[in-house]
Amino acid sequence: MDDNLIQKINEILKTRKKCTVNIINDKLTLTVFSMLRKNLKHVSKINFIIRDPRTLPAQGEVTREFELSVNDTLFNAYDIMEKNKLRHFEQARTMFDFIEKHVSIKRTTTACRIKGNVLLIDDVFMIQGTSSLEYSPRVSKSGVSQIDFDAVIHQNMDRDQIAYAGKTFDRIWNQPGLTVDYKQEILSSLEAVYKEHAPEFLYYFTLHELFGHHLDYGVERFEKDHLHFKKTNIWNMLYDFQKDCVLSAIQKINKYNGCIIADSVGLGKTFEALAVIKYFELRQDNVLVLTPAKLYDNWNSFKGAYKDSILDETFYYKIMFHTDLSRYKGESRSGWDLSR
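Residues numbered from 1 in each chain as written. Predicted model: local features only at pLDDT ≥ 70, side-chain atom pairs only at ≥ 80, totals over all residues. Heavy atoms only, no water.

(A) Structural view of the overall build of the protein chain. Each helix and strand counted, the protein chain has twelve helices and nine strands in total. Buried positions account for 41% of the 340 residues belonging to the protein chain. Relative to all contacts within the protein chain whose residues are 6 or more apart in sequence, the contacts with residues 24 or more apart total 72%. When the accessible surface of the protein chain is split by element, carbon and sulfur atoms take 52% of a total near 20,300 Å². (Helix = DSSP H or I, 4+ residues; strand = E, 2+ residues; numbered from the N terminus. Buried < 20%, exposed > 50% of the residue type's maximum accessible area, 1.4 Å probe, protein only. Contact = heavy atoms within 4.5 Å. Areas by Shrake-Rupley, 256 points an atom, 1.4 Å probe, with all protein chains shown as cover.)

Below, the structure is given as structure tokens:
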């Protein structure tokens, strides 16, 4: 549905008091519900038949990624963008409460095949055609416009056609074998979307996500698996708590392609970083250190075999300033041709 169609429905709902809405559709998305809910207070009852039912969202304990299937009954591509803005939680809770009180939902069985969508408001208004109850912006994110063919019929245009559609709906709704109750499945999926978790559960869940994959993978086992690395001078200079930090940083970089070492001042973040660098250098990776200009001498001194160096270790990393990233010519202080 586009904005115009949603606006027409809202205009009719505004004029009705305690009306009944009958719907046959293959979608029931959160976004369209949120656009209509201001005027849904005028609705006393909704009978909804889901035809050609699609899948319902997985009802896992916690949704780990901001991903939704566009084939879900409750979501489409626009809803995915809304979910990424954290707007869908409140929508799902409101939709759950409204459906629980005012909506009866059935889905078609294999004995019934319905090829079109219809929305009836009492016996005065009907939309019939291809529009599903999902929001379709005029220009989608992919740049592809969705065009629906719909007939919008008011009572003063063709009351007989509206009445005929109402009778057909009643036959499908009431005839045994054509539909089965589907309300509880929809409510269960909505409840899983907005489910509130106890702070304690979220705390332990976060710990498990961060550290659960290497609960049995401590420093001792790491040293056994990486014999050459444990013989380096930089590794053996570290305290045990620093080794734990280095190990955790390496594992997070390997899993997430990044890590921030955020220890307090004086706990040796520089030496922990050097140990991480050495690990990846031993893997033959190309290491670049991006640093503010004022810290160039510090990082350059760790590379050379200077007499006053406290490290008896050779590093091969490159050094550049973060401001070099916006330059397209000249040389970095360390001699790198920025045009190349």
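(B) Quick look at a positive patch on the surface. On the surface, Lys-14, Lys-17, Lys-18, Lys-38 and Lys-41 cluster together into a patch of positive charge. Positionally, Lys-18 belongs in the loop between α1 (3-15) and β1 (19-25). Owing to a relative accessible area of 62%, Lys-18 belongs among the exposed residues under this scheme. (Patch = residues over 30% accessible without salt bridge, like charges linked within 9 Å, V, L, I, M, F, W, Y side chains within 5 Å. Salt bridge = Lys/Arg side-chain N within 4 Å of Asp/Glu carboxyl O. Lys, Arg positive; Asp, Glu negative; His and termini not counted. Charge placed at Lys NZ, Arg CZ, Asp CG, Glu CD.)

(C) Here's a closer look at the packing of aromatic side chains. Inspection of the entire model under this criterion finds 13 aromatic pairs. With 5.1 Å between their ring centres and 90 degrees between their planes, Tyr-279 and Phe-280 make a pair best called edge-to-face. With 5.8 Å between their ring centres and 90 degrees between their planes, Tyr-296 and Phe-321 make a pair best called edge-to-face. Separated by 25 residues along the polypeptide, Tyr-296 in helix α12 (residues 296-301) and Phe-321 in strand β9 (residues 318-321) bring together distant segments of the chain. Like Tyr-296, the residue Phe-321 is buried in the burial classification. Pairwise contacts between aromatic rings join Phe-271, Trp-299, Phe-302, Phe-315 and Tyr-317 into one cluster. It is Lys-106 that lies over the ring of Trp-173; its NZ or CZ is 4.5 Å from the centre. In this structure, Lys-303 packs its charged tip against the face of Tyr-317, placed 5.7 Å from the ring centre. (Phe/Tyr/Trp six-rings, centres within 6.5 Å; stacked < 30°, edge-to-face > 60°. Lys NZ or Arg CZ within 6 Å of the ring centre and 35° of its normal.)

(D) Region of the structure containing helix α10 (residues 240-256). With 17 residues, α10 extends 24 Å between its outermost C-alpha atoms, agreeing within 8% with the 24 Å of an ideal straight helix rising 1.5 Å per residue. Taken together, the buried positions of α10 are Gln-242, Lys-243, Cys-245, Val-246, Leu-247, Ser-248, Ala-249, Ile-250, Gln-251 and Lys-252. Within two residues after α10, Asn-257 carries a phi angle of roughly 65 degrees, on the positive side. (Expected span 1.5 Å × (residues − 1).)

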